[in-house]
Amino acid sequence: MKRQARGGGPTAIGAFSVETAEDNPAGVAEQTQAHQLRRRLGKADLRAVPEARRELRHLLRHWGRPGRSEVAELLTSELVTNALIHTDDDAVLTATVDPGALRVEVRDFVAPRPRLCAPNADDGTHGRGLVLVQSLADAWGVRPHAVGKAVWFELDAGRL
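Thresholds, definitions, all that
Residues numbered from 1 in each chain as written. Predicted model: local features only at pLDDT ≥ 70, side-chain atom pairs only at ≥ 80, totals over all residues. Heavy atoms only, no water. Helix = DSSP H or I, 4+ residues; strand = E, 2+ residues; numbered from the N terminus. Buried < 20%, exposed > 50% of the residue type's maximum accessible area, 1.4 Å probe, protein only. Contact = heavy atoms within 4.5 Å. Salt bridge = Lys/Arg side-chain N within 4 Å of Asp/Glu carboxyl O. Pairing = 2+ DSSP bridges. Core = buried A, V, L, I, M, F, W, Y, C linked by side-chain atoms within 4.5 Å. Expected span 1.5 Å × (residues − 1).

## A word on the overall build of the protein chain
Helix and strand content of the protein chain: three helices and six strands. The secondary structure elements of the protein chain, listed N-terminal to C-terminal, are β-β-α-α-β-β-α-β-β. Within the protein chain, the proportion of its 160 residues that are buried is 39%. Expressed as a percentage of contacts within the protein chain between residues at least 6 apart in sequence, the contacts between residues at least 24 apart total 63%.

Written as structure tokens, this is what we have:
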């Protein structure tokens, strides 16, 4: 059974960027060697799914984990797709890697929480996203915000 922990972490709005601890020599983060991706996802813009995968690959390559990102890419695709299909608003993708783990969070601005349900054979490809997240992530959860929520997952460094 996967653990489901309470989430925290950054929520930021902005264009795609990769930030490293080295970029901020005065910050405490310098000691953690954390890298971060932030990206605004436009309303119903499904082009963001392959773009998010590519940017995550870049982040993981920059982090020193090239070629081992398939699970992270799949789960990120699922969260981004869910946010874009099941809401009628923008969303924000934040991915943070440090020496121990990857954390991906997709925040949207719609209140209803996602439901984890077993997919039905008649549903085609619908209903499998959160089942994949639950099955493959080391931890995952939903964190409510004053406006909307954030769905997140974590993968330990050994799985990347």
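## Details of the pattern of salt bridges
According to the stated counting rule, one finds eleven salt bridges in the structure shown. Across the salt bridge formed by Asp88 and Lys43, the nearest N and O atoms sit 3.8 Å from each other. Of this pair, Asp88 sits in the loop between helix H2 (70–86) and strand S3 (91–98) while Lys43 sits in the loop between strand S2 (35–41) and helix H1 (48–63), and the two are 45 residues apart along the sequence. A salt bridge links Glu73 to Arg53; the nearest nitrogen and oxygen atoms lie 3.5 Å apart. Taken together, the residues Glu73 in helix H2 and Arg53 in helix H1 connect sequence positions 20 residues apart. By relative accessible area, which is 6% here, Glu73 ends up buried.

## Side note on the pairing of S2
The buried fraction of S2 is high, at five of seven residues. By the bridge criterion, seven bridges tie S2 to S3 in an arrangement that is antiparallel. Bridge pairing links Leu41 to Ala91 in S3.

## Points about the nonpolar core
Counting residues in each nonpolar core, the largest one holds 29 residues, and the members touching the most others are Leu41, Leu102, Val106 and Phe153. Those elements that place two or more of their residues in this core are S2, H1, H2, S3, strand S4 (101–108), helix H3 (129–136), strand S5 (139–144) and strand S6 (149–156). If we ignore the near neighbours within four places in the chain, the residues touching Val106 are Leu41, Leu79, Val80, Ala83, Ala91, Val92, Leu93, Lys149, Ala150 and Val151.

## Re H2
Taking 1.5 Å of rise per residue, 17 residues should cover 24 Å, and H2 covers 24 Å from first to last C-alpha, within 8% of that figure. For H2, the full list of buried residues reads Ala72, Glu73, Leu75, Thr76, Ser77, Glu78, Leu79, Val80, Ala83 and Leu84.

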